[in-house]
Amino acid sequence: DDRKRGYLMALGELTGAAMVASTLIVGSVVYVSSEHGGVPCRGAMVRDVVFFVLTMAMVYRCFEDGSITVAEIRWFVGLYGGYVVLVLGSDLYHKYVHEPRQARRKARRRERKAASSRDSSPAA
């Protein structure tokens, strides 16, 4: 009966689409970053994999009994909302905390390098 077993096709489509999207995105990141000496944004990769595993666990739980309750729908929406908040928060952190910190470190290194080259040059 399609009503009882139809969810299996939806589950297959969901996992198949997620695997294709994940492998394409991961493959693209690795390919592009290999030109620059490594995989950037390891934290983002871990975040995405964790949310993917959580989502798949929730999907499994929902399809285990063959029905989706209102509470499970709320869990999915909440998980998605939490993911969006985490992505936006990490982007803001990167823009307003991490990048300025990196710029200050780079400026200090340049200053030290300039000072050491002045100190090591012969007096005129």
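Residues numbered from 1 in each chain as written. Predicted model: local features only at pLDDT ≥ 70, side-chain atom pairs only at ≥ 80, totals over all residues. Heavy atoms only, no water.

**With respect to a positive patch on the surface**
On the surface, R101, R104, R105, K106, R108, R109, R110 and R112 cluster together into a patch of positive charge. Examined against the element boundaries, R108 turns out to sit in helix α3 (residues 70-120). (Patch = residues over 30% accessible without salt bridge, like charges linked within 9 Å, V, L, I, M, F, W, Y side chains within 5 Å. Areas by Shrake-Rupley, 256 points an atom, 1.4 Å probe, with all protein chains shown as cover. Salt bridge = Lys/Arg side-chain N within 4 Å of Asp/Glu carboxyl O. Lys, Arg positive; Asp, Glu negative; His and termini not counted. Charge placed at Lys NZ, Arg CZ, Asp CG, Glu CD. Helix = DSSP H or I, 4+ residues; strand = E, 2+ residues; numbered from the N terminus.)

**Looking at a nonpolar patch on the surface**
Taken together, the side chains of M19, V49, F52 and V53 make up a nonpolar region of the molecular surface, amounting to roughly 350 Å² of accessible area. Ranked by residues supplied to the nonpolar patch, first place goes to helix α2 (residues 42-64) with three residues. Turning to its location among the elements, V53 is positioned in helix α2.

**Comments concerning α3**
For the α-helix, the turn length of 3.6 residues means that residues three or four positions removed from each other point alike. Its 51 residues give α3 an end-to-end C-alpha distance of 72 Å, which sits within 8% of 75 Å, the value for a rise of 1.5 Å per residue. The largest bend in α3 comes to about 40 degrees, at H94. E72, L79 and V87 are the residues of α3 that are buried. (Expected span 1.5 Å × (residues − 1). Bend = angle between axes of the 7 residues up to and from the residue. Buried < 20%, exposed > 50% of the residue type's maximum accessible area, 1.4 Å probe, protein only.)

**A look at the side chain of R47**
Examined against the element boundaries, R47 turns out to sit in helix α2. Those residues within four positions of R47 in sequence are excluded, and the remaining contacts are Y83, L86, V87 and S90. (Contact = heavy atoms within 4.5 Å.)

**Side note on the pattern of salt bridges**
Side chains bearing opposite charge may pair, as long as their charged atoms lie close to each other. One pass over the full model with this rule turns up one salt bridge. Between R61 and E72 there is a salt bridge whose closest N-O contact spans 3.1 Å. Of the two residues, R61 sits in helix α2 while E72 sits in helix α3, which places them eleven residues apart along the sequence. The exposure class of E72 is buried, given its relative accessible area of 8%.

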